[in-house]
Amino acid sequence: MSAKRENFGSRMAVILAMAGSAIGLGNIWRFPYMVGEHGGSVFIIIYVAATLLISLPVFVSEVVIGRRSRSNALTAFWKLSSGKRFWKIVGFLPIAIPLIIASYYSVIGGWSIDYLYKSAAMTFVHTEPSQVSAVFDSFVTNGAEPVLMHLLFLLFCTLVVSSGVKSGIERFSKITLPALFVLIVVIAVYSISLPGALAGVRYLVKPDFSALTPSTFAYAMGQSFYSLSLGMGAIITYGSYVSSRENILASSAGTAVSDLLFAILAGFAIMPAVFAAGIEPGAGPGLIFRSVPYVFSQMGQGAPVISSIVAAIFFLAVVVAAMTSCISLLEVGVAFLVEKFSMKRWHAGFLLFFLCGGAGVLCALDGRVFDGFDYLASNILLLLMALLAVVFVGFVMKKEDVRDELTNSGSLKGSGTLFPVVYFLIRWVAPPAVVLIFISNFIL
Ligand code: TRP
């Protein structure tokens, strides 16, 4: 079996595929409203620190588990723990959790497709905030429309995943990710140039320490995990396609930095425009769907066609970013089915399409199911799994094996020098921090 496993073609391909998984709705949709709800620049500072000190070691651990085992997320734990029962059971988690996320994630992906269409059709020209909100409310409760869009989004992701690691995932991310960076920069420039936008820029760069509360730390760390696709088997699975010559520390750092950069760019694309339009930064999860279309309609007072095109480009960016992330979620299950049950990629892809498609329909129709899936996955299972992964590498795997993976058996001198620091973070910084976030989720 292992002889037939595919690998990513190059360092750049690894970073692009992993960044493709990381960069998604977490950056464009979730990050800006979290910033708005949790004190602006103070949140960003903690988020950056948490990413470098806590999430990055967890990320490295997941790549190590993947590459060392060269197998899907379940078999990875089975192989590397030499069959200990506890870790055999743990192996089931990263197979089940991504499917829960993929179900509701593709619902938001579907909303974005719909907003791409609505923007291009100039639905939002000359609208007031209340009208924009009314469009959103009637859309999400419409039943048929969100369900269809969700299935369309998921179908597209399934087609890419089924085409394989190199010709599907790698090729898709190689094209879309650079395009995405360009798009978001264009939007940010547009947004910052609006009258009144500077207040938003100030909000993002000038720390207001009075906004700092204990829960800011928990939210910033949680956001960082979510954004880097940790705790779901996604990075373990992609790690298993990293070639043995690749430098794990370098490609992990490259991915984390791209993800950070993209989140901050998304902040600059959205916050200045939100301030320019006089919208509350703490408007919550609806921030981009309820306010962004209004922002663009305001921009386009004199030029509705141009502003509609820019709005459509924005939602296209959201759709593409969401797709590369959803693809990584599906790949976890596909790798498992192909390797454990010798299924064909196409059959595995479509089996997952029906499973997630069905569960997603429930999410699209009932907000309570949607919220339940999101809460269960992001606040409980994700943290639990990330903790298990980092403890596994820090305390179950042999130190020499971890060092071998990170230094390619000693041939990477720079990684050798950094190893003690990374290993310390993996053992003594990340696990207690994750436990802390986990507990604070319940008491704050
Ligand atoms: N990281 C992605 C985003 O920011 C979402 C995502 C993809 C994800 N795979 C994941 C989140 C695995 C948690 C775990 O949109």
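This one's a predicted model, so the numbers in the text were calculated from it and none came from an experiment. (Residues numbered from 1 in each chain as written. Predicted model: local features only at pLDDT ≥ 70, side-chain atom pairs only at ≥ 80, totals over all residues. Heavy atoms only, no water.)

Peer 1: Talk me through the overall build of the chain; I want residue IDs and the actual numbers.
Peer 2: When helices and strands are tallied, the chain shows 19 helices and zero strands. Taken over the C-alpha trace, the chain has a radius of gyration of 21 Å; the compact-globule value for 444 residues is 22 Å, and the two agree within 12%. C-alpha atoms of the chain, sized along the principal axes, occupy 65 × 50 × 40 Å. Within the chain, counting contacts between residues at least 6 apart in sequence, those at least 24 apart form 84% of the total. Put simply, the chain shows about 16,800 Å² of open surface, and 69% of that area lies on carbon and sulfur atoms. Considering the chain, the positive charge centre built from 28 side chains and the negative charge centre built from 21 side chains are found 13 Å apart. (Helix = DSSP H or I, 4+ residues; strand = E, 2+ residues; numbered from the N terminus. Rg over C-alpha atoms; globule rule 2.2 N^0.38 Å. Contact = heavy atoms within 4.5 Å. Areas by Shrake-Rupley, 256 points an atom, 1.4 Å probe, with all protein chains shown as cover. Lys, Arg positive; Asp, Glu negative; His and termini not counted. Charge placed at Lys NZ, Arg CZ, Asp CG, Glu CD.)

Peer 1: Account for a nonpolar patch on the surface, naming residues and giving values.
Peer 2: Among the surface-exposed residues, Y375, V435, I439, F442 and I443 lie close enough to one another that they form a single nonpolar patch of about 490 Å² accessible area. Here the element with the most residues in the nonpolar patch is helix α19 (residues 413-443); it accounts for four residues. Along the chain, F442 falls in helix α19. (Patch = residues over 30% accessible without salt bridge, like charges linked within 9 Å, V, L, I, M, F, W, Y side chains within 5 Å. Salt bridge = Lys/Arg side-chain N within 4 Å of Asp/Glu carboxyl O.)

Peer 1: Quick one: what's the story with the site of the ligand, residue by residue and with numbers?
Peer 2: Near the ligand you find 16 residues, and of these A22, G26, Y105, Y226 and M232 are the closest. At 3.4 Å from a nitrogen atom of the ligand is found a main-chain nitrogen or oxygen belonging to S21. Take A22: an N or O atom from its main chain is 2.9 Å from an oxygen atom of the ligand. For the ligand, the protein covers 100% of the area, taking 360 Å² as the surface of the free molecule. (Near = heavy atom within 4 Å. Polar contact = N/O pair within 3.5 Å; in protein donor to acceptor, adjacent residues only side chain to side chain.)

Peer 1: An account of the pattern of salt bridges is needed here, citing residue identities and associated values.
Peer 2: Throughout the structure, instances matching the rule amount to seven salt bridges. The partner of D401 in a salt bridge is R68, and the shortest N-O contact between them spans 3.5 Å. Placement of the pair is D401 in helix α18 (residues 399-407) and R68 in helix α3 (residues 41-69), with a sequence separation of 333 residues. Residue classification places R68 among the partly exposed residues on the basis of a relative accessible area of 31%. Of the charged contacts in the structure, one is a salt bridge between D366 and R368, with a shortest N-O distance of 2.9 Å. (Buried < 20%, exposed > 50% of the residue type's maximum accessible area, 1.4 Å probe, protein only.)

Peer 1: Tell me about the packing of helix α2 (residues 25-37) against α3, residues and numbers included.
Peer 2: Running from N to C, α2 and α3 cross one another at 125°; their axes reach a closest spacing of 7 Å. When the interaxial angle is binned, α2 and α3 end up oblique. Of α3, the residues touching α2 (which contributes F31, M34 and V35) are F43, I44 and Y47. Its residues assigned to classes, the contact of α2 with α3 comprises six nonpolar, no polar and no charged. (Axes fitted to C-alpha atoms, helices over the stretch in contact; angles between N-to-C directions. Parallel < 35°, antiparallel > 145°, perpendicular 65-115°, else oblique. Nonpolar A, V, L, I, M, F, W, Y, C, P; charged D, E, K, R; others polar.)

Peer 1: Summarise α2; cite the residues concerned and give the values.
Peer 2: An α-helix turns once every 3.6 residues. As a result, residues three or four positions apart point the same way. Compared with the 18 Å implied by 1.5 Å per residue over 13 residues, the 17 Å span of α2 between its first and last C-alpha is a close match. A large share of α2 lies buried, amounting to twelve of its 13 residues. By the burial criterion, the buried members of α2 are L25, G26, N27, I28, W29, R30, F31, P32, Y33, M34, V35 and G36. One or two steps after α2, the chain reaches G39, where phi turns positive at roughly 90°. (Expected span 1.5 Å × (residues − 1).)

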